[in-house]
Amino acid sequence: NAGVMQNPRHLVRRRGQEARLRCSPMKGHSHVYWYRQLPEEGLKFMVYLQKENIIDESGMPKERFSAEFPKEGPSILRIQQVVRGDSAAYFCASSPSGQLNTEAFFGQGTRLTVV
Amino acid sequence: GENVEQHPSTLSVQEGDSAVIKCTYSDSASNYFPWYKQELGKRPQLIIDIRSNVGEKKDQRIAVTLNKTAKHFSLHITETQPEDSAVYFCALRGDDKIIFGKGTRLHILP
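In what follows, the accompanying structure is described. Predicted model only: the values in this text are computed from it and were never measured. Once a new chain begins, its residue numbering starts again from 1 and follows that chain's sequence as written. Following the order in which they are written, the chains are lettered starting with A and the ligands numbered starting with 1. Restriction of local features to residues with pLDDT of at least 70 applies here, the model being predicted, together with a cutoff of 80 or more for giving and counting side-chain atom pairs; totals for whole chains, interfaces and linings are based on all residues. Excluding hydrogens and water, the side-chain values take into account all heavy atoms of the structure.

### What about the interface of chain B and chain A?
Here's step 1: Taken residue by residue, the interface counts 21 residues in chain B and 28 residues in chain A.
Here's step 2: The term buried area denotes the loss of accessible surface (1.4 Å probe radius) that occurs when two parts are joined, taken as the sum for both partners. The junction of chain B with chain A conceals about 2000 Å² of combined surface from both sides, 50% of it contributed by carbon and sulfur atoms.
Here's step 3: The working definition used for a salt bridge is a side-chain nitrogen of Lys or Arg within 4 Å of a carboxyl oxygen of Asp or Glu. Across the chain B-chain A interface, the total number found is three salt bridges.
Here's step 4: Here Glu103(A) ties to Arg51(B) by a salt bridge, and the two come within 3.1 Å at their closest N and O atoms.
Here's step 5: Polar contacts, as used here, are pairs of N or O atoms within 3.5 Å; protein pairs need one atom able to donate a hydrogen and one able to accept it. Residues neighboring in sequence count only if both atoms are side-chain atoms. At the boundary of chain B with chain A, the tally comes to ten residue pairs in polar contact (both at pLDDT 80 or more).
Here's step 6: For this classification, Asp, Glu, Lys and Arg are treated as charged, while Ala, Val, Leu, Ile, Met, Phe, Trp, Tyr, Cys and Pro are nonpolar and the rest, including Gly, are polar. Considered class by class, the residues forming the side of chain B that touches chain A number eight nonpolar, three polar and ten charged. The contact criterion used throughout is that any non-hydrogen atoms of two residues lie within 4.5 Å.

### Considerations on the sheet that holds strand E8 (residues 75-79) of chain A
Residue and element names in this part refer to chain A.
Here's step 1: Here four strands make up an open sheet; going across it, the order is E1-E3-E8-E7 and the pairing antiparallel. Each of the sheet's edge strands pairs with one partner strand only, and the pair in question is strand E1 (5-7) and strand E7 (65-68). The sheet shows a mean angle of 15 degrees between the axes of neighbouring strands, taken without regard to direction.
Here's step 2: Of the pairings in the sheet, the one linking E1 to strand E3 (residues 19-24) comprises three bridges and is antiparallel in character. Among the inter-strand pairings, methionine 5 is bridged to a residue of E3, identified as serine 24. We treat two strands as partners when DSSP finds at least two bridges between them. For helices the rule is a DSSP run of H or I covering at least 4 residues; for strands it is a run of E covering at least 2, with both sets numbered from the N terminus onward. Between the N-to-C directions of two axes lies an angle of 0 to 180 degrees, each axis being a line fitted to C-alpha atoms and, for a helix, fitted only over the stretch in contact.

### Quick look at the side chain of Gln6(B)
Residue and element names in this part refer to chain B.
Here's step 1: For glutamine 6, the position within the fold is in strand E1 (residues 4-7).
Here's step 2: Accessibility here uses a 1.4 Å probe with only protein chains present; expressed as a share of the type maximum, an area under 20% marks a residue as buried, one over 50% as exposed, and anything in between as partly exposed. Under the relative-accessibility criterion, glutamine 6 is labelled buried at 7%.
Here's step 3: There is a polar contact of 3.2 Å between the side chain of glutamine 6 and the backbone nitrogen of cysteine 90.
Here's step 4: Among the polar contacts made by the side chain of glutamine 6, one reaches the side chain of threonine 104 at a distance of 3.0 Å.

### Quick notes on unusual backbone geometry
Here's step 1: Here the amide bond leading from Asn7(A) into Pro8(A) is cis, since omega sits at -5 degrees, within 30 degrees of zero.
Here's step 2: Here Pro8(A) is to be found in the loop between E1 and strand E2 (10-13).
Here's step 3: A cis amide bond, omega -5 degrees, links His7(B) with the succeeding residue Pro8(B).
Here's step 4: Position of Pro8(B) relative to the elements: it lies in the loop between E1 and strand E2 (10-14).
Here's step 5: Of note in this structure, Gln81(A) is not a glycine but carries a positive phi near 50 degrees.
Here's step 6: Structurally, Gln81(A) is set in the loop between E8 and strand E9 (88-95).
Here's step 7: For Gln81(A), a relative accessible area of 53% translates into the label exposed.

### Remarks on the packing of aromatic side chains
Here's step 1: Any Phe, Tyr or Trp ring, taking Trp's six-membered ring, that has another such ring centre within 6.5 Å forms a pair; planes under 30 degrees apart are called stacked, those over 60 apart edge-to-face, and the others tilted. Going through the model one piece at a time under the given rule, you end up with 13 aromatic pairs over all chains.
Here's step 2: Members of the aromatic cluster, connected to one another through ring pairs, are Tyr35(A), Phe45(A), Phe91(A), Phe106(A), Tyr36(B), Phe89(B) and Phe100(B).

### Thoughts on the pairing of strand E5 (residues 45-51) of chain B
Here's step 1: Sheet topology places strand E4 (residues 32-38) of chain B next to E5(B); six bridges connect them, and they run antiparallel. Bridge pairing in E5(B) links Pro34(B) to Asp49(B).

### Remarks on the environment of Ser52(B)
Residues and elements named next belong to chain B.
Here's step 1: Here serine 52 shows up in the loop between E5 and strand E6 (56-59).
Here's step 2: Since its relative accessible area comes to 29%, serine 52 is described here as partly exposed.
Here's step 3: In this structure, the C-alpha to C-alpha distance between serine 52 and serine 30, residues 22 residues apart in sequence, is 8.0 Å.
Here's step 4: Apart from residues lying up to four places away in sequence, serine 52 is in contact with Asn31, Phe33, Leu66 and Lys68.

Interpretation in functional terms is not warranted from these geometric data alone.
Right, here's the structure in full:
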């Protein structure tokens, strides 16, 4: 059973370009969470999704950021018109359900560098 | 909303000694408290978790205690080894999402 798979592992974008980050949850997991981590800092919650539904996007910037988790395929975190401040590691985690006492497992992360 | 405070932010202990990291939270509805270890450049990895129906859980050199009344939980690492050097994050599940503390950078001194 493969773990949570994120790709690409490293992504370089010029200012103004779009970044697309993908996350395939563990087999049997239907809940996905995205977090952003700046160097030497903690994990900041961005968005929580179920298949075809956004459950909680309270941590997502209102502009330029969007996320989806379609019925088929990976979850996508999309950042439009990237700026230098978007440079960070973006981690996704998955869990089998949204029940309050279930564990979540992380992917290896995508390290986005905006130049 | 939910909030979790983690202390200390940095901790240095002599190899072989114990390390304790503490977290406090505000949402009494939280009932799941995981701890993650993150080595440099790697993903956070779940090392131990505790649910609100127990007060303590132990796994070899790692233990976690939970005081729901006081709303705090702690990670204890005994007989520390060099490979324990990492950043440790406490977390909790509140409402629907997992919220993390700011992390503790643990240094194991030779």
